[in-house]
Amino acid sequence: MDIRYIQSFVATVECGSIAEAARRLDLTSAALAARVRALEEELGTPLLKRSGRSVKPTAAGLNILDSARSMLREERDLRAMAIKEMPVGELRLGTFVSALTTVLPPVLRKLYGDHPDLSVSVVSNGSVELCRMVAAGELDAAVVVEPQFAIPKTCEWRPLMDEPLVVVAPVGMAGRDPHELLRNEPFIRYDRTVWGGQLADRYLRDHGIRPHQRLEINGLMSIAVMVDHGLGVSLLPDWSALWSGGLSIARVPLPSHAPVRRIGFIWGAHRPHSHLAGLFLKHAEDVFRARDGRRRKARK
């Protein structure tokens, strides 16, 4: 049984479209359809059915889908074990949304500078789901907000950077007391379904601050733009991208010990691609060690 036929079947199910699956695999639609037909003929049963413009698995297709995915993982892992001492292959990497613009670009630039033949496949999702995917072997590693649960024994975790909570306000309010801003100005709340929003909510409750909430939204840059437009103030992790977009906003530090959102790296410690995860981690630590050094010099 040709593994390429399995790959084509799984890609079609995941994409829900032969055309989209063909684009993913860099094939023509006719070539991909021919591979799936060949697999159906070999197994003696239809695996896909058309439903309007989409394609869905038949009952037989659903029956073999998990096993087909497992075969693809095993084939990929076999290749990885054969070249384990060489920094080549594909790293399946997850990242939460805001890390796509802050963590990933500088690390990948350094990584590709040293290992230009390395391939990285990136999936974006929430940190909790990314941790589950790493533990299940669906991803090799992920950049996530520090999990608030025990790390699975099959995985390892390493912190990369800390983002303390700060009040984000229009630039004209920069000199005011942070608690006074939170109590008296219209408040744009960071979504409490994510960890940064939960940290902010806990801080407000611990200090007896009941803000005049205007809206609640998930998206650090979206909140920053609203603050820039004078819609209110917010309590957010000190995310570096907030201050590089040319917005007229100010960072107002909290008094004393501000809660911290910690960003880190989780990976499958004993998986065939752990050496590629280790390469990414090494370059990430180099990037953020240098960044921390520049920040300390700037403060002096």
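Residues numbered from 1 in each chain as written. Predicted model: local features only at pLDDT ≥ 70, side-chain atom pairs only at ≥ 80, totals over all residues. Heavy atoms only, no water.

> Can you help me understand the packing of helix α1 (residues 3-15) against helix α3 (residues 29-43) in this one?
Each packed pair of helices is defined by two parameters, the angle between the axes and the distance between the axes. Closest axis-to-axis distance for the α1/α3 pair is 8 Å, and the angle between their directions is 110 degrees. The orientation of α1 with respect to α3, classified from their angle, is roughly perpendicular. Considering the relative orientation of α1 and α3, their crossing is left-handed. Between α1, through Arg4, Tyr5, Ile6, Gln7, Ser8, Phe9 and Thr12, and α3, the contact on the second element is made entirely by Leu32, Arg35, Val36, Ala38, Leu39 and Glu42. Class assignment for the residues of the contact of α1 with α3 results in 7 nonpolar, 3 polar and 3 charged. (Axes fitted to C-alpha atoms, helices over the stretch in contact; angles between N-to-C directions. Helix = DSSP H or I, 4+ residues; strand = E, 2+ residues; numbered from the N terminus. Parallel < 35°, antiparallel > 145°, perpendicular 65-115°, else oblique. Left-handed = near helix turned anticlockwise from the far one by under 90°. Contact = heavy atoms within 4.5 Å. Nonpolar A, V, L, I, M, F, W, Y, C, P; charged D, E, K, R; others polar.)

> I tried to follow a nonpolar patch on the surface on my own but got confused; where do I start?
A cluster of nonpolar side chains, namely Met1, Leu43 and Met71, defines an oily patch on the protein surface of about 270 Å² accessible area. Note that leucine 43 resides in helix α3. (Patch = residues over 30% accessible without salt bridge, like charges linked within 9 Å, V, L, I, M, F, W, Y side chains within 5 Å. Areas by Shrake-Rupley, 256 points an atom, 1.4 Å probe, with all protein chains shown as cover. Salt bridge = Lys/Arg side-chain N within 4 Å of Asp/Glu carboxyl O.)

> So what exactly am I meant to see when it comes to helix α6 (residues 104-114) here?
Owing to its 3.6 residues per turn, the α-helix aligns residues three or four sequence positions apart on the same side. Every buried residue of α6 is listed here: Leu104, Val107, Leu108 and Leu111. Projected down its long axis, α6 shows its buried positions confined to an angular sector of 95 degrees, all on one face. Of the residues in α6, the exposed ones pointing more than 90 degrees away from the buried face are Arg109 and Gly113. (Buried < 20%, exposed > 50% of the residue type's maximum accessible area, 1.4 Å probe, protein only. Arc of directions from axis to C-beta.)

> When you look at helix α2 (residues 18-25) in this model, what are you seeing that I'm missing?
Listed as buried for α2 are Ile18, Ala21 and Ala22. Angular distribution of buried residues about the axis of α2 spans 100 degrees; they occupy a single face of the element. Considering only its buried residues, α2 is in contact with α1, α3, β1 (48-51) and β2 (54-57). Its side-chain oxygen at 3.3 Å from the backbone nitrogen of alanine 19, serine 17 defines the N-terminal cap of α2. Positive backbone phi, at 60 degrees, marks aspartate 26, one or two positions downstream of α2. (Polar contact = N/O pair within 3.5 Å; in protein donor to acceptor, adjacent residues only side chain to side chain.)

> Sorry if this is basic, but what is going on with the layout of surface pockets here?
A water-sized probe, rolled over the atoms, reveals where empty space remains. Considering only enclosed or pocket space, the second largest pocket measures out at about 530 Å³ in volume. What lines the second largest pocket is a set of 26 residues, among which Ser127, Val145, Tyr190, Val194 and Trp195 lie closest to the centre. Those elements that place two or more of their residues in the lining of the second largest pocket are α7 (127-135), α9 (195-206) and α10 (220-228). Class assignment of the residues belonging to the lining of the second largest pocket gives a composition of 13 nonpolar, 11 polar and 2 charged. (1 Å grid on protein atoms, 1.4 Å probe; cavity = no way out; pocket = protein on both sides within 12 Å on 5 of 7 lines; lining within 4 Å. Points joined across faces, edges and corners; volume = space filled by probe spheres on them.)

> How should unusual backbone geometry be read in this particular structure?
If a residue is not glycine, its phi is most likely negative; likewise, a peptide bond is most likely trans. For aspartate 26, which is not glycine, the phi torsion reads 60 degrees and is therefore positive. For aspartate 26, the position within the fold is in the loop between α2 and α3. A positive phi angle, close to 55 degrees, is found at serine 256, a residue other than glycine. Secondary-structure assignment places serine 256 in the loop between β10 (249-253) and β11 (260-268). A residue is classified by how much of its surface remains accessible, and serine 256, at 67% relative accessible area, is exposed.

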